[in-house]
Amino acid sequence: AGARLGAVLDFSQRAVAAYQRLGVDARHLSFGYVPSWDRVAGSTGPRTIETPALYFGNNRARRLPALAMAADQLSAARARLVVSDPSEPNRVGDVSFFTGEAKRSLLASTGLVVNIHQSEEPYFEWLRFAEAARCGAPVLTETSTDTEPFEDGVHFISFKSGDLGTALIAA
C-alpha cells in the first residue's frame, strides 16, 4: 500500500530501511522543535514532580508480563500505570489514554517515564522520547537502536529486556 502513496516519511531510520527493502521510496524525516510541546524553555526553578514514575502505553501481550515482573519495584517507585486498549483507535483522551495538552502536562510532572517495547523489535519510540524530552521527563527504556541524536546514558537510560525491576532500583 505504501508504494502507491505520494510520499512516505518516517522518524525512524530503521523503519525507512524496512520500507526501502520492500521497494517503497521512503525518506527519513527528523523531528523538529515544537514550541507548544516545550515545558523546559523559560521555566524557572525545579519541576514539580507529582508522578515519580510513569508507564503509559497499551496492553500488548509483551508489555504486561514485563510490568508484572517488576511489580514490586514499580510499587516502591510509586509508579502510575496508564494502560490503553489498542483493539480500537484511541480517538480522544480519557483515563487510559492521554493526548495533547493533558499528555504534556502529565509528562512535565513526571520524574521518570518507563518505556517497554511492544514487540521484540528494539525500535526507538520517537514521539514518546521527543515529548518526554521537551517536558523535562527522563526516560528509562528497553535497549533501542537508531536513537541518534539521542544518546544512551545522556538523554535516556536503557535496560535489557527482563531487567526493568533492576533498572528501576538503579534509577
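The structure displayed is predicted, hence computed values, not measured ones.

1. Describing the pairing of strand β3 (residues 53-58)
Across the 6 residues of β3, 6 count as buried, placing the element largely inside the fold. Pairing between β3 and strand β4 (residues 79-84): 6 bridges, direction parallel. Of the residues in β4, the one forming a bridge with Gly57 is Val83. Looking at chain direction, β3 and strand β5 (residues 113-115) are connected through 2 bridges and run parallel. In the sheet register, Leu54 faces β5, and the bridge partner there is Val113.

2. Describing a nonpolar patch on the surface
Where nonpolar side chains cluster on the molecular surface, the patch consists of Leu9, Phe11 and Leu29 and spans about 260 Å² of accessible area. Mapped onto the fold, Leu29 is located in the loop between β2 (26-28) and β3.

3. Section: the side chain of Glu131
Mapped onto the elements, Glu131 comes out in helix α5 (residues 126-134). Glu131 sits in the buried class, given a relative accessible area of 4%.

4. As for helix α1 (residues 13-21)
Structurally, the α-helix is built with 3.6 residues per turn, so residues lying three or four positions apart point the same way. Taking the backbone nitrogen of Arg14 as reference, a side-chain oxygen 3.2 Å away marks Ser12 as the first, capping residue of α1. Directly after α1, the chain includes Gly23, whose backbone phi takes a positive value near 85°.

5. Side note on the side chain of Arg62
Tracing the backbone through its elements, the reader meets Arg62 in the loop between β3 and α2 (63-69). The class for Arg62 is buried, based on a relative accessible area of 18%. At 3.0 Å, the side chain of Arg62 and the backbone oxygen of His117 are in polar contact. Side-chain polar atoms of Arg62 contact the side chain of Glu120, separated by 3.0 Å. Apart from the residues within four sequence positions on either side, Arg62 is in contact with Ile116, His117, Gln118, Ser119, Glu120, Glu142 and Ser161.

6. Comments concerning the sheet that holds strand β6 (residues 139-142)
Strand order in the open sheet formed by 5 strands is β4-β3-β5-β6-β7, and the pairing between neighbours is parallel. Strand pairing shows two members of the sheet lacking a second neighbour, β4 and β7 (157-159), which therefore form its edges. Averaged over all neighbouring strand pairs, the angle between strand axes comes to 20°, with direction disregarded. With 3 bridges joining them, β5 and β6 adopt parallel strand pairing. Of the residues in β6, the one forming a bridge with Val113 is Val139. Contacts from helix α4 (residues 100-108) reach β3, β4 and β5, with the element oriented near 150° to β3. Contacts from α5 reach β3, β5 and β6 within the one sheet, and its direction differs from that of β5 by about 170°.

Quick notes on the rules
- The numbering scheme is per chain: residues are counted from 1 as the chain's sequence reads.
- Local features in a predicted model are, by the rule used here, given only for residues with pLDDT of at least 70; side-chain atom pairs are given and counted only at 80 or more, and totals for whole chains, interfaces and linings are based on all residues.
- Where side-chain values are given, they derive from all heavy atoms of the structure, hydrogens and water being excluded.
- Only protein chains enter the area calculation, which uses a 1.4 Å probe; residues under 20% of their type maximum are buried, those over 50% are exposed, and those in between are partly exposed.
- What counts as a helix is a DSSP run of H or I of at least four residues, what counts as a strand is a run of E of at least two, and both are numbered from the N terminus.
- For two strands to be treated as a pair, DSSP must find at least two bridges joining them.
- Patches here are clusters of residues that have more than 30% relative accessible area and form no salt bridge, with a 9 Å joining cutoff for like charges and a 5 Å cutoff for nonpolar side chains (Val, Leu, Ile, Met, Phe, Trp, Tyr).
- Surface exposure here means Shrake-Rupley accessible area, sampled with a 1.4 Å probe, where a residue is shielded only by the protein chains that are shown.
- In what follows, salt bridge is the name for a side-chain nitrogen of Lys or Arg lying within 4 Å of a carboxyl oxygen of Asp or Glu.
- In the analysis that follows, any N or O atom pair within 3.5 Å is treated as a polar contact, provided that within protein one partner can donate a hydrogen and the other can accept it, and provided that, for residues neighboring in sequence, both atoms belong to side chains.
- Only heavy atoms matter for contacts: two residues are in contact if any of them lie within 4.5 Å across the pair.
- Comment: axis = line fitted to C-alpha atoms, over the contacting stretch for helices; angle = value between 0 and 180 degrees taken between N-to-C directions.

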